[in-house]
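# Chains, contacts and geometry: an overview
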Amino acid sequence: FPNLTTAARASAHYAATSPLDARTFANMVMAGAVMTLMTWMERSTESVPAKLLAAVVTAFVLAAGPLDHSIVGSAEMFGALHAGASFGYLAWLGFLGFAIAGNMTGGLGLVTILRLVQVGRETVRRERRRPSPARAATGSQDDVDPEGDDARAGRDAPAARPGSGGDADDLG
């Protein structure tokens, strides 16, 4: 195997020397948003080439940024620590904590919450009532809204029967 000590130290240099400031946090927020969008793209298709393309494009965007993702930067820094880097475990943990906060802000705050607000409460309820493919295949009867929101809205809960998609207006 080649000696990767120098490469490990060099790959972690950016993450280890970046100040934990607003600019770095903004990069971390964007990395979280990019990763969340990639997972949504991957989950929205059955096409393997499309899933691979989403992953490759996401990797390029993260690396070209450079956007700080908690897992990537942390792995680079951890490898550099074991290759004799000049920083210590506290610097690694500080980066990891800051990156997790930024990534969650971007992934949950910028993408997920804004998307849920955009689609609206009724669409979220309808999707919760829709049986998953696993439940439909097993004939599970638990596709009724567990929070009882249908009753509060003045509607009866959809009939729970195998293969049922809920209300007639839920079809399609």
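Up top is the structure.
Residues numbered from 1 in each chain as written. Predicted model: local features only at pLDDT ≥ 70, side-chain atom pairs only at ≥ 80, totals over all residues. Heavy atoms only, no water.

### Side note on the packing of helix 5 (residues 70-82) against helix 6 (residues 89-119)
- Packing of helix 5 against helix 6 brings their axes to within 9 Å, and their N-to-C directions diverge by 175 degrees. Between helix 5 and helix 6, the angle is such that the two are roughly antiparallel. Of the residues in helix 6, those touching helix 5 at S70, G73, S74, M77, F78, L81 and H82 are Y89, A91, W92, F95, L96, A99, I100 and N103.
- Residue composition of the contact of helix 5 with helix 6, grouped by class: ten nonpolar, five polar and no charged. (Axes fitted to C-alpha atoms, helices over the stretch in contact; angles between N-to-C directions. Helix = DSSP H or I, 4+ residues; strand = E, 2+ residues; numbered from the N terminus. Parallel < 35°, antiparallel > 145°, perpendicular 65-115°, else oblique. Contact = heavy atoms within 4.5 Å. Nonpolar A, V, L, I, M, F, W, Y, C, P; charged D, E, K, R; others polar.)

### Here we look at the side chain of H69
- Along the chain, H69 falls in the loop between helix 4 (48-64) and helix 5.
- Overall, H69 belongs to the buried group, its relative accessible area being 12%. (Buried < 20%, exposed > 50% of the residue type's maximum accessible area, 1.4 Å probe, protein only.)

### Considerations on the environment of L110
- Looking at the element boundaries, L110 is found in helix 6.
- Linking L110 and M30, residues 80 residues apart in sequence, is a C-alpha distance of 8.8 Å.
- Once residues lying within four places of it in the same chain are set aside, the contact partners of L110 are V29 and T105.

### Points about the nonpolar core
- Within the largest apolar cluster, eleven residues are counted, these being A12, A15, M28, M77, A80, L81, A85, F87, W92, F95 and A99.
- Put simply, the parts of the chain that give this core at least two residues each are helix 5 and helix 6.
- Excluding residues that lie within four positions of it along the chain, M28 makes contacts with D68, F95, F98, A99, G102 and N103. (Core = buried A, V, L, I, M, F, W, Y, C linked by side-chain atoms within 4.5 Å.)

### Overview of helix 3 (residues 22-43)
- Here helix 3 spans 32 Å end to end across 22 residues, near enough to the 32 Å set by a 1.5 Å rise per residue.
- Of the positions making up helix 3, those classed as buried are T24, N27, M28, V29, A31, G32, A33, V34, T36 and M38. (Expected span 1.5 Å × (residues − 1).)

### Regarding the packing of aromatic side chains
- Applying the stated criterion to the full structure yields three aromatic pairs.
- Note on F78 and W92: the rings are 5.0 Å apart at their centroids and 45 degrees apart in plane angle, and the pair reads as tilted. One end of the pair, F78, is in helix 5; the other, W92, is in helix 6, and 14 residues separate them in sequence.
- What makes F78 partly exposed here is its relative accessible area of 35%.
- Given the relative accessible area of 15%, W92 is considered buried.
- Note on Y89 and W92: the rings are 6.1 Å apart at their centroids and 75 degrees apart in plane angle, and the pair reads as edge-to-face. A residue pair is termed a helical-turn pair when its members lie 3 or 4 positions apart in one helix, as Y89 and W92 do in helix 6 at three residues.
- Looking at Y89, the relative accessible area reads 44%, which means it is partly exposed. (Phe/Tyr/Trp six-rings, centres within 6.5 Å; stacked < 30°, edge-to-face > 60°.)

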